[in-house]
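# Coordinate inspection notes
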Amino acid sequence: MGKREEVQEEIVKKVLENNCHGIIEVYMRVGKTKIGIDIIKKIGDKAKSILWVTDEKKLRDEGLPKEFALWAPKKIIDKTDFKLYTALNKLKKEYDFVVLDECQSVTPANAEYFKRLFKMPHILAMTGFLSKDQVKKDILQKDLGLTTLFKYSHTDAIKDKLVSDYRINVLMVNLSGKKDYDVKTATKSYTTSEELKYRDTGRLINQAQAQRNSGWEKSLRIERQRFLHSLPSKVDIAKNLLFQNQMKRFICFSPTKKVAEEISSSYFHSGSKDDTTYQSFQDETSNVLSVVNKVSTGHTFHNMDGVILMGADSNQNGILSQKMARSFVWRKGYISEIYILVAAGTQEEIWLRKSLEPYDMSKVEIIHPLKNPYVQ
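Small disclaimer: the values here were computed from a predicted structure and weren't measured.

## Digging into the overall build of the protein chain
For the protein chain, the count of helices and strands is 14 helices and 15 strands. The globule rule puts the C-alpha radius of gyration for 376 residues at 21 Å, and the 22 Å found for the protein chain is close to it. Once the C-alpha set of the protein chain is aligned to its principal axes, its extents read approximately 65 × 55 × 40 Å. Out of the 376 residues belonging to the protein chain, those deemed buried represent 51%. Intrachain contacts of the protein chain at a sequence separation of at least 6 include 72% that bridge at least 24 residues. Only carbon and sulfur atoms are counted for the fraction: they give 49% of the accessible area of the protein chain, which is about 18,700 Å². Once the 61 positive and 48 negative side-chain charges of the protein chain are each reduced to a mean point, those two points are 2 Å apart.

Structure representation (structure tokens):
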């Protein structure tokens, strides 16, 4: 028995000992789907109906059915329904056992399903990174009565050679002072610079705070983050990075479809007509996959070289960590290269500190704009 199987067996035992009701926080690549299936097999006829909730359509329609066909007998497949979190609100059927895969996807809206039930089912919540968001934590812990039963961290997985080691390269980017940034609003269009746009948005956020207009403030903060992650200066650096590393395999995560398409013609997002570029990357006939949030969870990629992130955030729900983990499939001698593009002297530096909290800072290098090799 290998280390992965040992860890899986230990988790299954722990969940069964706790009446199949709780949270497992297990780092990616350990095999959470296999663990969930093994638990369902152990429960047997005690669960006549099973609901497996996932966060992505491709996993619901392809990934999960494929894994169940591999690991589960037909009688288990026949009594298991695969649903998206977005479908929970309209769901009326009650189940004996529920698996909340990537449980950081719970929200007050989709959790309303559980409030309508006559009897609370046994629930297994699974994640690689438990959300720090207090609302989500309250849903899991208070509303659903779940506690963490088992935790297996990234450090554990590296030590046991279940995932690769990593290096994080933070490429600091100066905001451009050149007036070539086009802004379009509902009432006007004008040209400004990245510096002035950032300063103006900050001023409006302060104004919204002073007026105690939380809705306006929230929309401005979202706008600011999207702006910082979409900077033309960053797009140029990402394109240069990919050009200078053409023989390496990278996934680049962007904030919008437009930016993903600007960075590479090998893009794959919710507006893509088909999955040709995705399949080409999986088949290793192309070296770049430019995405937004697709493939952030539940997708496995082999022979990767690293990941490019167009910005840092607070990583409160672990999404940033999930994106990094796409390149953490272990192989001998391999170290994943993570690139995070950060706007120097902005709010993004504060988000960066939170993003890096789960990681070993001895493996992080902050690269000053003047030493950034991809600035032209």
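## Considering the side chain of E102
Inspection of the secondary structure assignment puts E102 in the loop between β4 (97-101) and α5 (112-115). As a buried residue without a salt bridge, E102 has its nearest oppositely charged side chain in K32, at a separation of 4.3 Å. Not counting chain neighbours up to four residues away, the residues in contact with E102 comprise K32, D55, Y85, M126, T127, G128, T297 and Q322.

## Overview of helix α10 (residues 232-244)
The end-to-end C-alpha separation of α10 is 18 Å, in line with the 18 Å expected for 13 residues at 1.5 Å each. Among the residues of α10, S233, K234, V235, I237, A238, N240, L241 and L242 are the ones counted as buried.

## Points about the sheet that holds strand β10 (residues 250-253)
Strand order in the open sheet formed by 7 strands is β11-β12-β10-β13-β14-β7-β15, with parallel pairing between adjacent strands. Of all strands in the sheet, those bounded by a partner on one side alone are β11 (267-268) and β15 (364-367). Inspection of the sheet shows strand β7 (residues 165-173) paired to strand β14 (residues 335-343) by 9 bridges, in the parallel sense. Within the sheet, the bridge partner assigned to R167 lies in β14 and is E337. Helix-sheet contacts for helix α14 (residues 348-355) involve β7, β14 and β15, and the interaxial angle to β14 is about 155°.

## Concerning the nonpolar core
Membership of the largest hydrophobic core comes to 63 residues, with the highest contact counts inside it found for I24, I39, W52, F97, I168, M324 and I340. For this core, the element with the most residues is helix α2 (residues 32-43), which contributes 5 residues. In contact with F97, other than residues within four places in its own chain, are C20, I39, I40, I43, A47, S49, I50, L51, P121, H122 and L124. Counting 22 residues, the second largest nonpolar core, distinct from the first, contains V53, Y85, A125 and I139.

## Observations regarding the pairing of strand β13 (residues 306-309)
The alternating pattern of β13 places G306 and I308 on one face and V307 and L309 on the opposite face, and all of these are buried. Examined bridge by bridge, β10 and β13 share 4 bridges and lie parallel to one another. From the neighbouring strand, F250 faces β13, where its bridge partner is G306. Where β13 lies against β14, 4 bridges are found, and the strand directions are parallel. Note on β14: the bridge partner recorded for G306 is E337.

## Here's the deal with the packing of α2 against helix α3 (residues 57-71)
It is at 10 Å that the axes of α2 and α3 come closest, and there the two elements cross at 50°. Compared by their axis directions, α2 and α3 come out oblique. α3 is crossed by α2, and the crossing has right-handed handedness. On α3, the residues touching T33, K34, I37, I40 and K41 of α2 are L64, E67, F68 and W71.

## A word on the pattern of salt bridges
Counted by the stated rule, this structure contains 19 salt bridges. For K151, the salt bridge identified is with E25, shortest N-O distance 4.0 Å. A residue pair is termed long-range when its members are at least 10 positions apart, and K151 in strand β6 (residues 148-152) and E25 in strand β1 (residues 22-26) qualify at 126 residues. When its relative accessible area of 56% is taken as the criterion, K151 is described as exposed. The salt bridge involving K34 is made with D38; its shortest N-O contact spans 2.8 Å. Linking K34 with D38, this pair stays in helix α2, spanning 4 residues, or about one helical turn. The structure contains a network of salt bridges with shared partners spanning K34, D38 and K41.

Criteria and cut-off values
- Throughout, a residue's number is its position along its own chain's written sequence, starting from 1.
- Two thresholds apply to this predicted model, a pLDDT of at least 70 for residue-level local features and 80 or more for giving and counting side-chain atom pairs, whereas whole-chain, interface and lining totals are computed over all residues.
- Hydrogens and waters are ignored; side-chain quantities use all the structure's heavy atoms.
- By the criteria applied, helices consist of DSSP H or I runs no shorter than four residues and strands consist of E runs no shorter than two, each listed in order from the N terminus.
- Between the two quantities, the radius of gyration covers C-alpha atoms and the globule rule is 2.2 Å times the number of residues to the power 0.38.
- The cut-offs for exposure are 20% and 50% of the maximum accessible area for each residue type, with area from a 1.4 Å probe on protein chains only; residues under the lower value are buried, those over the upper are exposed, and the others partly exposed.
- Two residues qualify as a contact provided that any one of their heavy atoms is within 4.5 Å of a heavy atom in the partner residue.
- Areas reported here follow the Shrake-Rupley algorithm with a probe of radius 1.4 Å; residue values treat only the protein chains shown as occluding.
- Residues scored as charged are limited to Lys and Arg (positive) and Asp and Glu (negative), so that His and the chain ends carry no count.
- By convention, the point assigned to a charge is CZ for Arg, NZ for Lys, CD for Glu and CG for Asp.
- A pairing counts as a salt bridge when a side-chain nitrogen of Lys or Arg comes within 4 Å of a carboxyl oxygen of Asp or Glu.
- In this analysis, the expected span of each helix is defined as 1.5 Å times one less than the number of residues it contains.
- Between any two strands, at least two bridges found by DSSP are needed for them to pair.
- Axis definition: a line fit to C-alpha positions, over the contact stretch in the case of helices; interaxial angles, taken between N-to-C directions, run 0 to 180 degrees.
- Put simply, a nonpolar core is a bunch of buried Ala, Val, Leu, Ile, Met, Phe, Trp, Tyr and Cys residues held in one set by side-chain atoms that sit within 4.5 Å of each other.
- Angles below 35 degrees are treated as roughly parallel, those above 145 as roughly antiparallel, those between 65 and 115 as roughly perpendicular, and all remaining angles as oblique.
- Crossing handedness is read from the near helix: turned anticlockwise from the far helix by less than a right angle, it gives a left-handed crossing, and turned clockwise, a right-handed one.

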